[in-house]
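What follows is each chain in one-letter form.
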Amino acid sequence: MLRIYDTRARQVEEIAAGRAVRMYTCGPTVYRHAHVGNLRTYLLSDLIRRVLERRRVRVVACQNITDVGHLADDDADEGEDKVLAQARAEGRSPLELARHYEEAFVADTAALNLRPPEHLPRASENVDLMVELIAKLIERGHAYAVPDGSVFFDVRTFASYGEISGNRLDALKPAHRIDTVDPRKRFHADWALWKPGEGELTWETPWGRGFPGWHVECSAMSLRFLGPRFEIHTAGIDLRFPHHEDERAQSNAATGHEVVDHWVHGEHLLFDGQKMAKSTGNVVLLSDVVSAGLDPLAVRMAFLEHRYRQQLNLTWDTLKAADRTVRRWRSRVAEWAESVSAPLSREYADRAESAFDDDLDTPAALRVLRELERDESVAPGAKFETFLHLDQVLGLDLSTDIGKPRVLPPGAAELLEARERARASKDWTGSDRLRDELAELGVRVSDTPEGQTWTV
């Protein structure tokens, strides 16, 4: 069964799976395009799902859509203004803007072969759940309202705060962007569950008109769609604090027990050694990858080359290399499909599946496949079955080229002709060089007694 690193427990633990596992993933903020760094997070939950389903465990997944435009933290109020200004500049309402970017996100995840969750609730359509949760927290003494209509979580009523990130209350300092502690708060680390406001994207509540704080939406929707206890919660490492600490406190305080069994976080992605962010001008979208002539699943392949808990420095060179591998494997699978049928190689399949189960060690699984590709003792039909069996987890669409006519990439035909001439003149050095050039184009050349053969 799958063993995975639990951030709160600080160790690899086995997922105690019965007939079903429920999993929540913190979803996108849909007021901008998701870049490839954002998308890495969602591959994590997709891999967990695929590995568990391979073990015949039903996975019920929930992933929220943050479309309530108030994206500022508890110590800043500029989030609403930025979103409203962006919507007005584009001639849309805030929710129209959100739907546009939500559709783009869904298209990107489909292009990466990420299976859609059973539940994809929007924050704007579930404010009633958040209001009910806030009322319950007030009733249980974990939250308090103040005269201006704000409601804060009283963090000192939750003794185990900090277990996920290690940030204990006695060591926390006020936010660095403010000079004084918010006088409305009983304690500087309290956070807003509800904020007063007027205009678009605000709602009436017992505390006045306003909008929800960011952290409360995930608690409300996970409890509603997955129930009071669920097995796995995933997200990027950047949400470990304060978002997940606050979410855990809210959910546990409302239910009176531990809601999430395992907290799982994926590491950051860099591009060309820099953090991917709009502020640095270093944002790469999936559409940029496609515009560069690369298969979108080259991004998935590049992610799989690194463990989810390992910081990944993505470059255009690594993406191009991943693209070549995906195309080569599809070509080999199409070639093997024409061979005599044979059972899959249990030895290679077991080794790759053990790697998947071992904290999603996808790099090790890919090494197994590369070894299998080169192993001439394994029948082509067995390679075909094994590659497609493991592609149920890898999700690289390795069967795509089966039955398609072979088409050489531009320039390859000339190189093949030059190589034939080099071999005829016994220019072995030139022949090898041309074979390497063809390999760079994704063309694999083999020499037989009848002459050279090739596959794309």
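Since the model is a prediction, treat every value here as computed from it, not as a measurement. Residue numbering note: each chain is counted from 1, following its sequence as written. Totals for whole chains, interfaces and linings use all residues, but because this is a predicted model, local features are given only for residues with pLDDT of at least 70 and pairs of side-chain atoms are given and counted only at 80 or more. Calculation of side-chain values draws on the structure's entire complement of heavy atoms; hydrogens and water are dropped beforehand.

**Observations regarding helix α14 (residues 428-440)**
As a reminder of what qualifies: Helix and strand labels come from DSSP, where a helix needs a run of H or I of at least four residues and a strand needs a run of E of at least two; each type is numbered from the N terminus. Helix span is expected to be 1.5 Å times the residue number reduced by one. For each residue, the accessible area found with a 1.4 Å probe, counting protein chains only, is set against the maximum for its type, and the residue is called buried under 20%, exposed over 50%, and partly exposed in between. Arc definition: directions from the helix axis to the C-beta atoms.
With 13 residues, α14 extends 19 Å between its outermost C-alpha atoms, agreeing within 8% with the 18 Å of an ideal straight helix rising 1.5 Å per residue. Among the residues making up α14, those that are buried are Gly-430, Ser-431, Leu-434 and Leu-438. The buried residues of α14 all sit within an arc of 100° when viewed along its axis, so they share a single face. Exposed and facing more than 90 degrees away from the buried side of α14 are Thr-429 and Glu-440. Gly-442 sits one or two positions beyond α14 and adopts a positive phi of about 90°.

**Some remarks on the nonpolar core**
How we decide: Working definition of a nonpolar core: buried Ala, Val, Leu, Ile, Met, Phe, Trp, Tyr and Cys residues. They are joined through side-chain atoms within 4.5 Å. In what follows, a contact means two residues having at least one pair of non-hydrogen atoms within 4.5 Å.
Ranked by size, the top nonpolar core spans 66 residues in total, and within it Ile-48, Leu-314 and Leu-360 carry the most contacts. Counting residues per element, this core draws most heavily on helix α1 (residues 36-54), which supplies 9 residues. Setting aside residues up to four positions removed in sequence, Leu-314 forms contacts with Val-36, Leu-269, Leu-270, Phe-271, Asp-272, Ala-302, Phe-303 and Leu-319. Within the second largest apolar cluster, 43 residues are counted, among which are Ala-143, Val-155, Trp-191 and Met-221.

**Focus on the sheet that holds strand β11 (residues 269-271)**
Strand pairs in the sheet, formed through backbone hydrogen bonds, run parallel or antiparallel to each other. Where we set the bar: Between any two strands, pairing holds if DSSP finds at least two bridges.
One open sheet accounts for 3 strands, arranged β12-β11-β13; its pairing is mixed. Each edge of the open sheet carries a strand with a single partner, namely β12 (274-275) and β13 (312-314). In terms of strand pairing, β11 meets β13 through 3 bridges, oriented parallel. Bridging from a neighbouring strand, Leu-270 pairs with Asn-313 of β13.

**Some remarks on the side chain of Asp-391**
Cut-off, in case you're wondering: Asp and Glu count as negative and Lys and Arg as positive, but His and the ends of the chain are not part of the count. Whenever a carboxyl oxygen of Asp or Glu lies within 4 Å of a side-chain nitrogen of Lys or Arg, that contact is scored as a salt bridge.
Tracing the sequence through the fold places Asp-391 in helix α12 (residues 380-394). Buried charge Asp-391 goes without a salt bridge, the closest partner of opposite sign being Arg-50 at 6.8 Å. In contact with Asp-391, not counting residues within four places along its chain, are Arg-50, Leu-396, Asp-397 and Leu-398.

**Observations concerning unusual backbone geometry**
Here the amide bond leading from Phe-241 into Pro-242 is cis, since omega sits at 5°, within 30 degrees of zero. Within the secondary structure layout, Pro-242 lies in helix α6 (residues 240-255). We note that Asn-113 has phi near 60°; this positive angle belongs to a residue other than glycine. Of note, Asn-113 is situated in the loop between α3 (94-111) and α4 (127-139). A positive phi angle is found at Leu-360, which is not glycine, with a value near 55°. Judged by relative accessible area, Leu-360 falls into the buried class, the value being 2%.

**Describing the confidence of the model for the protein**
The condition that has to hold: Each residue carries a pLDDT score, the predictor's own confidence in it, on a scale running from 0 to 100.
When pLDDT is averaged along the protein, the result is 91, and 95% of the positions lie at 70 or above. Contacts for the low-pLDDT stretch residues 71-78, under 50 throughout, to residues beyond four places or in other chains number 21 contacts.

**Digging into the state of the cysteines**
Put simply, the test is: When two cysteine sulfur atoms are found within 2.5 Å, that pair is recorded as a disulfide.
Taken as a whole and assessed by the stated rule, the structure comprises 0 disulfides. Looking at the unpaired Cys-62, the closest cysteine sulfur is the one in Cys-218, lying at 8.7 Å. Here Cys-218 stays unpaired: no disulfide links it, and the sulfur of Cys-26, its closest cysteine neighbor, is 3.8 Å away. Residue Cys-218 is classed as buried on the basis of its relative accessible area of 2%.

**Details of the environment of Ala-135**
For Ala-135, the location among the structural elements is in helix α4. Here Ala-135 falls in the partly exposed class, since its relative accessible area comes to 35%. Residues Ala-135 and Leu-44, 91 residues apart in the sequence, show an inter-C-alpha distance of 34 Å.

**As for the packing of aromatic side chains**
Under the convention used in this document: By convention, a stacked pair of Phe, Tyr or Trp rings (six-membered ring in the case of Trp) has centres within 6.5 Å and planes under 30 degrees apart, an edge-to-face pair has planes over 60 apart, and any other such pair is tilted. In this scheme, Lys NZ or Arg CZ marks a charge over a ring once it lies within 6 Å of the ring centre and within 35 degrees of the ring normal.
For the structure on display, the rule yields 9 aromatic pairs. On the basis of an interplanar angle of 80° and a centroid distance of 5.1 Å, the ring pair of Tyr-42 and Phe-105 is categorised as edge-to-face. Here Tyr-42 is found in helix α1, whereas its partner Phe-105 is found in helix α3, with 63 residues between them in sequence. Residues Tyr-42 and Phe-105 agree in their burial class; the two are buried. Looking at Arg-186, its charged tip hangs above the ring of Tyr-144, at a distance of 4.0 Å from the centre.

**Focus on the sheet that holds strand β10 (residues 260-266)**
Quick note on the threshold: Axis definition: a line fit to C-alpha positions, over the contact stretch in the case of helices; interaxial angles, taken between N-to-C directions, run 0 to 180 degrees.
On the basis of which strands lie adjacent, the open sheet formed by 4 strands has the order β4-β3-β9-β10 and parallel pairing. Two strands in the sheet have a free side with no partner beyond their single neighbour: β4 (58-63) and β10. Across this sheet, the average inter-strand angle for adjacent strands is 25°, counted without regard to direction. One ladder, built from 6 bridges, connects strand β9 (residues 230-236) with β10; its direction is parallel. Across the sheet, residue Thr-234 finds its bridge partner in β10, namely Val-264.

**Topic: the packing of helix α9 (residues 316-336) against α12**
Applied cut-off: Angle categories are assigned with fixed cut-offs, so that under 35 degrees is roughly parallel, over 145 is roughly antiparallel, 65 to 115 is roughly perpendicular, and the rest are oblique. Whether a crossing is left-handed or right-handed is set by the direction in which the near helix is turned from the far one by less than a right angle, anticlockwise for left-handed and clockwise for right-handed. The residue classification treats Ala, Val, Leu, Ile, Met, Phe, Trp, Tyr, Cys and Pro as nonpolar and Asp, Glu, Lys and Arg as charged. All others, Gly included, are polar.
Between α9 and α12, the shortest axis-to-axis distance is 8 Å and the interhelical angle comes to 130°. When the interaxial angle is binned, α9 and α12 end up oblique. α12 is crossed by α9, and the crossing has left-handed handedness. Contacts between α9 and α12 pair Trp-329, Val-333 and Trp-336 from the former with Pro-380, Lys-383, Phe-384, Phe-387 and Leu-388 from the latter. Along the lines of polarity and charge, the residues of the contact of α9 with α12 split into 7 nonpolar, no polar and 1 charged.

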